[in-house]
Amino acid sequence: MNTPVRKVALACMVLFAALLVNANWIQVGQVDRLKTEPTNARQITERLERQRGGIITGDTQLAISVPVDDEYKFQRQYPAGQLYANVTGYYTLFTAAGLERSEDVFLSGDDDRLLASRVTDLFTGEERRGGTVVTTIVPRIQQVAAEALGDRTGAVVALDPATGAILAMVTSPTYDPNTLATHDESAATEAYQALAGAGSQPLLNRPAQQTYPPGSTFKLITAAAALAAGYEPGTRVPAPDELTLPQSTTVLPNFDGETCGDGRTDTLIHALTISCNTAFAELGIELGGDVLRNQAEAFGFDSTIEDFPLQQARSIFPDGLDGAQTAQSAIGQFNVRATPLQMAEVAAAIGNGGVRMKPYLVSELQGPDLKRLSRTEPAELGRPVTPEVAAKLTTMMQSVVSSGTGRKAQISGVDVAGKTGTAEHGVGEAPHAWFVGFAPASSPRVAVAVIVEDGGGELGTGGAVAAPVAQKVMQAALDTQR
Amino acid sequence: MTLPPLRRPRSADLTATFAGFPLPSGLELPPYRRRELLLLSYAGVLATAALAALTLAHDGAIGFQVFTYGLGFFSLWALGHLAVRRFAPAADPVLLPVVAALNGLGLVMIYRLDLAKADAARRAGRAIPTGAAQTQLVWTLLAIAVFVLVLAVVRDHRSLARYAYTAGLAGLVFLVLPIAPGIGATINGARLWLQVGPFSFQPSEVSKIILMIFFAAYLVNKRDVLSVASRSFLGMKIPRARDLGPVLVAWLASLGVLVVQKDLGSSLLFFGMFLVILYVATQRASWVAIGLALFMLGAVVAHSLFGHVQIRVDGWLHAFDGDNPSDTSFQLVQGLYGFAAGGITGTGIGQGSPQRVPFANTDFVMASLGEELGLTGVMAILLLYALVAARGIRAALGAKDPFGKLLATGLSATLALQVFVQVGGVMRLIPLTGLTLPFVSYGGSSIVANAAIIALLLRISDAARRLDEPVPDAPLFDPSAVSESPTQVVKTT
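What counts and what doesn't
- Residues numbered from 1 in each chain as written.
- Chains lettered and ligands numbered in written order.
- Predicted model: local features only at pLDDT ≥ 70, side-chain atom pairs only at ≥ 80, totals over all residues.
- Heavy atoms only, no water.
- Helix = DSSP H or I, 4+ residues; strand = E, 2+ residues; numbered from the N terminus.
- Contact = heavy atoms within 4.5 Å.
- Buried area = accessible area lost by both parts, 1.4 Å probe.
- Salt bridge = Lys/Arg side-chain N within 4 Å of Asp/Glu carboxyl O.
- Nonpolar A, V, L, I, M, F, W, Y, C, P; charged D, E, K, R; others polar.
- Disulfide = S-S within 2.5 Å.
- Buried < 20%, exposed > 50% of the residue type's maximum accessible area, 1.4 Å probe, protein only.
- Expected span 1.5 Å × (residues − 1).
- Arc of directions from axis to C-beta.
- Polar contact = N/O pair within 3.5 Å; in protein donor to acceptor, adjacent residues only side chain to side chain.
- Pairing = 2+ DSSP bridges.
- Axes fitted to C-alpha atoms, helices over the stretch in contact; angles between N-to-C directions.

Draft legend 1. Highlighting the environment of G272(B). In this structure, G272(B) sits in helix α8 (residues 264-282). Note: C-alpha distance between G272(B) and G410(B) (138 residues apart in sequence) is 9.5 Å.

Draft legend 2. A look at the interface of chain B and chain A. With 53 residues of chain B in contact, the opposing surface of chain A contributes 34 residues. Summing the contributions of chain B and of chain A, the shared interface buries around 3,700 Å²; its carbon and sulfur component is 72%. Area buried by chain B at its contact with chain A is led by Y337(B), R356(B) and L397(B), which between them contribute 17% of it. Along the contact surface separating chain B from chain A lie zero salt bridges. Counting residues per element, the ones that place at least two in the side of chain B that touches chain A are α8, α11 (330-342), α12 (365-398) and α13 (402-426) of chain B. Top element by residues in the side of chain B that touches chain A is α12(B). It accounts for 15 residues. Partitioned by chemical class, the residues of the side of chain B that touches chain A number 36 nonpolar, 11 polar and six charged.

Draft legend 3. Region of interest: the state of the cysteines. All names here are of chain A. On inspection of all chains with the given rule, the structure shows one disulfide over all chains. The disulfide partner of C260 is C276, and the gap between their sulfur atoms is 2.1 Å. On the sign convention where negative is left-handed, the bridge of C260 and C276, at about 95° about the S-S bond, is right-handed. You can see C260 sitting in the loop between β9 (251-253) and β10 (265-267) and its partner C276 sitting in the loop between α13 (268-273) and α14 (277-287), a full 16 residues away along the chain. Take C260 and C276: they sit in the same class, and that class is buried.

Draft legend 4. Examining helix α9 (residues 285-305) of chain B more closely. Residues and elements named next belong to chain B. Across its 21 residues, α9 extends 30 Å between first and last C-alpha, which sits within 8% of the 30 Å expected from 1.5 Å per residue. Within α9 the residues assigned to the buried category are S286, W287, G291 and A302. Relative to the axis of α9, the buried residues are bounded by an arc of 125° and lie together on one face. Away from its buried face, by an angle of more than 90 degrees, α9 presents the exposed residues A285, M296, L297, V300 and S304.

Draft legend 5. Representation of the side chain of T171(A) in the model. Summarising the element assignment, T171(A) is placed in strand β6 (residues 166-172). There is a polar contact of 2.9 Å between the side chain of T171(A) and the side chain of R206(A).

Draft legend 6. Representation of the sheet that holds strand β13 (residues 372-375) of chain A. All names here are of chain A. Across the sheet, six strands lie side by side as β3-β2-β1-β4-β12-β13; this open sheet has mixed pairing. In the strand order of this sheet, the two ends are held by β3 (74-77) and β13, each with one partner. Neighbour-to-neighbour, the strand axes of the sheet open up by a mean angle of 25°, direction not taken into account. The sheet contact formed by strand β12 (residues 362-366) and β13 spans three bridges and is antiparallel. Residue pairing across strands places E364 opposite R375, the latter belonging to β13.

So, in structure tokens, the structure goes:
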């Protein structure tokens, strides 16, 4: 009887061997997959229990973790409430967004760059702590931009043209991330569902995530393509009162039925100054869709910024246009779409002598001891226009602000360059009001893009509605010592 | 009945470690018992260290009471040791300490989960629930009492074979008991428990043992008939159906009751147990083939007939499908997250969050241990179980009577199978079924029944380690045992 007993013993050992192999498979082989399962709330909680690093800008705390006496030990707080919600994002019991999401590994203390401090912690018995993320946002500009936009739906982006640093990024309406970060699970879920379901889309970061028809602000790109093709600011271009678009019966009028120049032709600089539709539509047809698209892509259309820490939408210049579509695209209508960040980049590149800098939001990373671990170096993304073209465009944009549609963006004692836009987006809807520009014109310290959706509810043009917002933001940027 | 002498008598100086403790007269104590005591003290140190680590993690300091508890735990199992010393002095010295170590880890983990519950209740401002650890400690005491009782009462395991049919009937009655109105209780959707006051008891754990005694006794009696009188079919020898009648009836009845009670795990366990013992008794591989075929058939039928079986299988196959696994596999997936959180070395006792897993101190106690002790701890625990099974089977190999062999093999294999079904289910190797982890899970019936199993194994081991009896009174049922006994040389290693 001992033979079958031995075989049973063998079978039992096979069962145990299977369990041992399986244990190794789960606790070693599958660990990474299991840990990153979206339904695995442990990872977030485990990190909630650590002192997460702060998100700061200058001396201002955008997001901090304060010790609390509950099961998660630390409560994430956003002291400024709504003001930086679209930048920091949120860190909840369940999920994360914004910088909280993209910089999570560093903020939670798992980043390899924090290894040295982790090793020290091991010996000193300190709990693992996260590093601090320093943003490029300037609190004063952010504050002014948010106030200038008020409760109108829209977005403001301010860039440093020389570096690409994002100085302000405002979306409206927005939300208070503190309501999501609460440790009361049902309250957090309720708050999230209310925000996610709201028609006004408060969770949307409009500056980078939403595309709009750029309207007349796109004329900067058409003008850049024209100047690159040999046109001069003084070149007279056809500018009829009405333009019947090629291969169609559609008639393109000027805004409010205005007359450009002498009613038949106009100089390029004057056409931009008064935002003459027919002149730029003719120019677009003359240059052709491909030239326009190449110019737009050189400014960043049809691509996204690599390693950008926030979600982005792609700005689009459509392909395969016929004559009528090219004419409409040349004035930023038809299917042309741009994010406010993209239009701010266009202004910044022109202001920066034709050099397009890579926009960035995180200026440096600090260890728990506030020692700098890494610093973002400004990076060049390309040269969409030559310095000469940039200089001519700047002159033309100065004319827009000094004597054209953008007069409300004037700052006393400073030359401001800019371009307005009043973008149609559907029959019966009030057009979006745009303004893009930079100041001072000669060596800009700030470039902005402002959009007020539907003109803020009234039938307002970019010059009337968006330019005053841009003016305040640029003024604030020039007032701020950096 | 007088016990036969020990196989390897030792000199008197090696005998009583505890001077003055009454020993069976005329017996010299081998060093086994001192080894057992030494190993038991290791188990005590392990449990105390685990409790110390827990208090350190939870309170930030180790109080003196940790050592009091540790000493109390050791003393508890030392009672069992003294009983072995008194009633089975030649028995295997490894089984008891290994079981004590498993029990100690289980107790600390159950206490750790109590602390987590109490903390959560305190934060939420609710009343602090009664701890499961105290209850489990009472059950442990009871289990040791049963352990001592079994050793004291069953002085010769062969006497159990006399009660074969009584055991068979009692086993079935125990299985049916929970269905009876008044005393039966439904817990977590399965009617498996007897409720008496605050204590609930799962009688299928007890019937597991007594049905095993019935199977073993009956098959020893019939094994010649079963292995000889057979026809050939497809190259395999098929036994006659009428020889198997009573066993099949008992088996089908127990399975039927289990199916009615929706206890998937126990069904599986009984089936495997039956198959093992049948194979050993008849030495016919055909039984294994028939059994596995029956199992496949049963599995397919059960899957198509019973919703709860389908749920288990779906939860196993599609554990991670869908955004939220709360549909059918929430518990399983949470358990796996626990294992993953533990990784190789674990978070350390008291430093993970095993309370996130449902049923963390019963069905998913392995996930709790896996999280806080890591792969290292899981492998150590699995090896401890493997050691119990190996030692039990070693007792079977040494046993001089077929009934002892059959019983020891069956009990050891059942334990191994239970661990496999339990841990395999929690680790998603096989579909999840409701079984307890012997000696570790929170639950009274499990630890009491398993303590009785260990007592029986020690009893058989004790008999196996003694010299052959000169009197041929071995055959109680089996005439062939007489002709076999002289040739059956038991090797000692």
